[in-house]
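Descriptive analysis of the structure
One letter stands for each residue in the lines below.
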Amino acid sequence: MTYTVFARKYRPQTFEEVVGQEAVVTTLKNALLQGRVAHAYLFAGPRGVGKTSIARILAKCLNCQKGPTGSPCNECDSCRCISEGRDHMDVIEIDGASNRGIDEIRNLRKNVGICPSSSPYKIYIIDEVHMLTREAFNALLKTLEEPPSHVKFFFATTAPHKLPETILSRCQRFDLKNISLEDIVNRLKQLAKKEKIEVEEEALRAIARYAKGGLRDSQSLLDQLWVFSEGKITVADVQGLLGAVPEEKVAALVERLIQKDAPGAVKIVHETLKEGKDWDAFIEQILWYLRDLLVVSTCGYNSELLENPWREAQFLKAQSQALSRETLMAMIYMLTEVKRRARDDFQQRVFLEMAVIKLAMMDFHPLSEILARLEELEKKLSSRGVVPAHTLNCESVKDTGDSPQEEALIEKEIQASPPKSIEEAWTQLLEKLHRERQSTWSYLKEGRLREDGEGELTLEFPKDRPFPKKYLETNTQERTMLEEYLTGILGRRPRLKFALYERAAVAGGEATKDALKKEEKGKSLAEKAMEIFEGQVQKKGGLP
Amino acid sequence: MSFNRILSQTLVVGYFQRTISRERLAHAYLLYGPEGVGKALFARELAKVLFCQKKGTEACDLCNPCRKVDSGTHPDLRWVAPLEGKRDIGIGQIVELETQVYLKPLEAKRKVFVLEDADKMTAAAANCLLKTLEEPPPGTLFLLTTASIHSLYSTIVSRCQKVRFHPLPTNVVKRLLSERLDWQRYKGLAALSCGSLGRATKLMEEKVITHIDRFLEIIQESRLEDCFSISEELMEWCPETKGLESRRSLLRTWLDLLLAYYRDMLLYKAGSSECTSGELELFYEALVPSFKARTRELSVDTLLQILEEIIAATEGLYNNANLNLLLDNLFLRIVDYEKGGVLHV
């Protein structure tokens, strides 16, 4: 009385019926024929590609009364038990997600040693194996590595990365891939024939596209459509059930964007909303359309590469010419963001409206065009004798003497003429540090150097700035570095001491401060600037 | 009578009536669509039709099984939803459900299991359900409902027949709300609900509207400095004692209303030359007269930037930002953009 959905009714019962997993099927069949079936297999892959089905078929092959064979008879008790999902004494299918604890695995281990009752092998199929707990996995390790000769383990999972390495290395692993569009369409065709369903080829393709590589998804959809539609199933039926938008609408929306007609584009968006369409599907369709435009503008019109067989090839070509590749990519990016960020229908709506307005208002200039215009501009400028800003900049940098040759020259000069007084040495040291070690220079510039006879040098800092002294006294690395610099300048190794001194100006109190302020006021802006930036006047004169 | 309670889902109702009359009911359906459009209600009605003694495509509402479903005492209808005070459906609930699945029905010919808000299942719970969901014993019907199909595992989705519930048409929401609210001011509320009655009711609750009104007043009269008093008011309105989740949801609703306001201005600015305000589907139709003067000073770019700020603030809500600072920052930025963007030049 109860109805069985297509996905269950047409679950493959032999290897020949498995769709789109040729490599896996061939390997397993050969293993069976040569009697080289391993004791543990792992089937991994996305939903609805045949993991559990393959595991069951393999179990059938091994335990078939006429077996082990590459193609089970599907008639003997053992085969029928498995096909019909009845309890089989020796093929134990475990839901790994519901029986995930260590106790369940301990139980399994207890029974592993018992011989199969009526078949050659005792087979454990653990589905959704990724949900076992860590302890459960570890409890399984020893048994999994060296089970009794009559025991086989088949694991199936959608998330192999969740399995511990130790489990993975003990299994032969098969990665099942998504099923191709063609394969899905072919399988659905067979199915429709058997069930006497009339269905358009295009509708099948639409179903297959929506299923995204999952055969079960496509079968469920066909199942639903059969009830949903009266008579022959058409593309419109598929779109109706999925809440998808007809392609003309999508093309019209893109056309509005090209024409920079924001109100028109918003109108189209609103129309689709009123028809109760699925926002998500709508955005996805726009994305696919843009993707096809991108393909057309890159590879020319080649229907094999296109996601959709758009009916208006001419229109598509024209649109792909109107939009540069950069623009298309920017559009795709913005719409993907809408999809990613929206949390609910309201946000989806507002975000899409925003994106549409943004896209319609944006000025699309390909990068190459902007570059070309820049170059032209540069040419015009140089022909008039004006030097572009960036060349000017480069030269002025050279002027400051930062090039390695000049630095070497300065170095030589310093070494050639040892400084006369200790003050001169100090200025030289500061200059050098300013160039090479800004951080050290920044705190040293506060201090002064004095010679105490006997070659002992005292580095003094103002009393209100005691930090550098403390820092140098504690940090040996910094001190050694400083000594080395001084050695380079003085030509001998100095002995360094550190001290604090009272600043005269501060001692003077308010009166001196006022005097200082007055002095500041008296200076011109240029003088102040020179003081701050430690600059000097190179050339005087008006602007050219 | 029964399916009449389901408003504006003729497609879905028709689909199931055909399915029942052709005896092609699958074992698992995923009912998805926006919040508050009648998914759970539909699940209950469907169970009623299946249990009803009349065995038609409509429930009689009179027989014993129908009444039992209505009063929630039918032994073959199991309802699974997050437990009181919990956020998700735990593995314990699913394990219990599984033991029920393998028991024979008590009164009816089948057992119906409804998982309300199936996306709230924990990872363990969802995985636990997989095998049972794919191949339950004959006579089992699973009805999963969800408002966000994307947060469900694809392994769950792929095992169900998907049934999409449409957003309710705006006029239906209007009709449903008109009994409860003064319509002149909040015509936009129905539109703002995006066809979800649940959302519309949420917007009406908790004085969200009053607070947004105050803010819009301040913005329109460009007493921009007063914005910050609003932030204090909002903080009083959703105090810490309310718990983080409800504070978030309150502020989220408030920010959505603000988003709607600037979205209206954006559409008005971009489209008013060619479309009537009706065609633009504005949320705040009552405010249209003020838009003209307001949008004169604000460029499309500025409006887009303000919208981005509001969106960023909404995202901040869920990223554990300090709510107080979040609002202050948002207002500071909005005020700044409104004044011509001194901070952002």
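Throughout, residues of each chain are indexed from 1 in the direction in which the sequence is written. Note on labels: chains are lettered from A, ligands numbered from 1, in written order. Thresholds applied to this predicted model are a pLDDT of at least 70 for local features of residues and 80 or more for the giving and counting of side-chain atom pairs; totals over whole chains, interfaces and linings are not thresholded and use all residues. Derived side-chain values reflect all non-hydrogen atoms in the structure, with water molecules and hydrogen atoms excluded from consideration.

The next subject is the pattern of salt bridges. All names here are of chain A. Just to be clear on terms, a salt bridge is a Lys or Arg side-chain nitrogen sitting within 4 Å of an Asp or Glu carboxyl oxygen. Under the counting rule described, the total for this entry stands at 44 salt bridges over all chains. Between Glu 16 and Lys 29 there is a salt bridge, and its shortest N-O distance comes to 2.6 Å. Here the residue Glu 16 occupies a position in the loop between α1 (6-9) and α2 (22-33), and Lys 29 occupies one in helix α2, the gap between them amounting to 13 residues. A relative accessible area of 48% means that Glu 16 is categorised as partly exposed. Numbered from the N terminus, helices here are DSSP runs of H or I no shorter than four residues, and strands are runs of E no shorter than two. Throughout this description, buried means an accessible area under 20% of the type-specific maximum (1.4 Å probe, protein chains only), exposed means over 50%, and partly exposed covers the range between.

What follows covers the sheet that holds strand β1 (residues 28-32) of chain B. All names here are of chain B. A pair of strands counts as paired when DSSP detects no fewer than two bridges linking them. Ordered by their spatial adjacency, five strands build an open sheet running β2-β3-β4-β1-β5, and the pairing between neighbours is parallel. Looking along the sheet, the strands with just one partner apiece sit at the ends: β2 (77-80) and β5 (161-164). If you compare each strand with its neighbour and ignore which way they point, the axes differ by 20° on average. Contacts are residue-level and defined by heavy atoms, with any inter-residue pair within 4.5 Å sufficient. Axes, fitted as lines to C-alpha atoms, cover a helix only where it is in contact. Angles between the N-to-C directions of the axes lie from 0 to 180 degrees. Where helix α1 (residues 10-21) meets the sheet, it contacts β1 and β5, and its direction lies at approximately 145° from that of β5.

Residues and elements named next belong to chain A. Non-glycine residue Lys 260 carries a positive phi angle of around 55°. Within the element layout of this structure, Lys 260 appears in the loop between α12 (247-258) and α13 (262-274). The exposure class assigned to Lys 260 is partly exposed, which follows from its relative accessible area of 38%.

Our next topic: a nonpolar patch on the surface. Nonpolar side chains collect at one region of the surface, where Leu 367, Ile 370, Leu 371, Leu 374, Leu 377 and Leu 381 of chain A lie side by side and expose about 540 Å² of accessible area between them. On the basis of relative accessibility, which here comes to 49%, the residue Leu 377 of chain A falls in the partly exposed class. Patches draw on residues past 30% relative accessible area with no salt bridge. Two like charges within 9 Å are joined, as are two nonpolar side chains (Val, Leu, Ile, Met, Phe, Trp, Tyr) within 5 Å. In this description, accessible areas are obtained by the Shrake-Rupley approach with a 1.4 Å probe, and a residue is regarded as covered only by the protein chains that are shown.

So, about the nonpolar core. Residue types Ala, Val, Leu, Ile, Met, Phe, Trp, Tyr and Cys, when buried and joined through side-chain atoms within 4.5 Å, form a set referred to as a nonpolar core. Grouped together as the largest cluster of nonpolar side chains are 193 residues, with contacts concentrated most on Phe 43 of chain A together with Trp 254 and Tyr 262 of chain B. A total of 15 residues in this core trace back to one element, the largest contributor, which is helix α12 (residues 244-271) of chain B. Apart from residues no more than four positions distant in its own chain, Trp 254 of chain B is found in contact with Val 208, His 211, Ile 212, Phe 215, Ile 230, Leu 234, Trp 237 and Phe 331 of chain B. Ranked by size, the runner-up nonpolar core spans 25 residues in total, among them Leu 115, Ala 118, Leu 130 and Val 157 of chain B.

This brings us to the interface of chain B and chain A. On the side of chain A, 60 residues touch chain B, which itself brings 64 residues to the contact. Buried area, as used here, totals the accessible surface that two parts lose on assembly, with accessibility defined by a 1.4 Å probe and the loss added over both. At the boundary of chain B with chain A, total buried surface from both sides reaches about 5,700 Å², with 53% on carbon and sulfur atoms. A salt bridge links Lys 358 of chain A to Glu 308 of chain B; the nearest nitrogen and oxygen atoms lie 3.2 Å apart. Polar contacts here mean pairs of N or O atoms no more than 3.5 Å apart (in protein, one a potential hydrogen donor and the other a potential acceptor; neighbouring residues in sequence count only if both atoms are side-chain atoms). On inspection of chain B and its partner chain A, the count reaches 21 residue pairs in polar contact (both at pLDDT 80 or more). Elements that contribute at least two residues to the side of chain B that touches chain A include exactly α1, α4 (91-101), α5 (123-134), α6 (154-157), β5, α12, α13 (277-280) and α15 (300-318) of chain B. If you tally residues by element for the side of chain B that touches chain A, the top one is α12 of chain B, at nine residues. Three categories are distinguished: nonpolar for Ala, Val, Leu, Ile, Met, Phe, Trp, Tyr, Cys and Pro, charged for Asp, Glu, Lys and Arg, and polar for the others, with Gly belonging to the last. Among the residues making up the side of chain B that touches chain A, the classes are represented as 31 nonpolar, twelve polar and 21 charged.

Our next topic: the packing of helix α9 (residues 201-211) of chain A against helix α10 (residues 215-228) of chain A. Residues and elements named next belong to chain A. As a packed pair, α9 and α10 sit with axes 8 Å apart at the nearest point and diverge in direction by 135°. In terms of orientation, α9 lies oblique with respect to α10. Where α9 crosses over α10, the handedness of that crossing is right-handed. Contacts from Leu 204, Ile 207, Tyr 210 and Ala 211 in α9 reach Asp 217, Ser 218, Leu 221, Leu 222 and Leu 225 in α10. Taken together, the residues of the contact of α9 with α10 break down into seven nonpolar, one polar and one charged. Working rule for angles: under 35 degrees goes down as roughly parallel, over 145 as roughly antiparallel, 65 to 115 as roughly perpendicular, anything else as oblique. By convention the crossing between two helices is left-handed if the near helix lies anticlockwise of the far one by an angle smaller than a right angle, and right-handed if it lies clockwise.

Attention shifts here to the pairing of β2 of chain B. All names here are of chain B. Note: β2 against strand β3 (residues 111-115), four bridges, orientation parallel. Each residue of the ladder has a partner; that of Val 80, found in β3, is Leu 115. For the segment spanning β2, α4 and β3, crossover handedness is right-handed. We call a crossover right-handed when, viewed with the strands running away from us, the connection from the first strand over the helix to the second turns clockwise.

Another aspect to go through is empty space enclosed by the protein. Cavities and pockets are defined on a 1 Å grid built over the protein atoms alone: a cavity is a set of grid points where a 1.4 Å probe fits but cannot escape, while a pocket is an open set with protein on both sides within 12 Å along at least five of seven lines, and lining residues are those with an atom within 4 Å of any such point. Grid points are joined across faces, edges and corners, and a volume is the space filled by probe spheres set on the points. For the structure on display, the rule yields eight cavities of 30 Å³ or more. Estimates place the volume of the largest cavity at around 420 Å³. Lining the largest cavity are 35 residues, with Arg 11, Gly 48, Ser 53 and Arg 216 of chain A together with Glu 134 of chain B sitting closest to its centre. Those elements that place two or more of their residues in the lining of the largest cavity are α1, α3 (51-63), β4 (151-157) and α10 of chain A. The dominant element in the lining of the largest cavity, judged by the number of residues it contributes, is α10 of chain A, at four residues. Here the lining of the largest cavity is composed, by residue class, of 13 nonpolar, eleven polar and eleven charged.

So, to be careful, I would describe these as geometric facts and stop short of saying anything about function.
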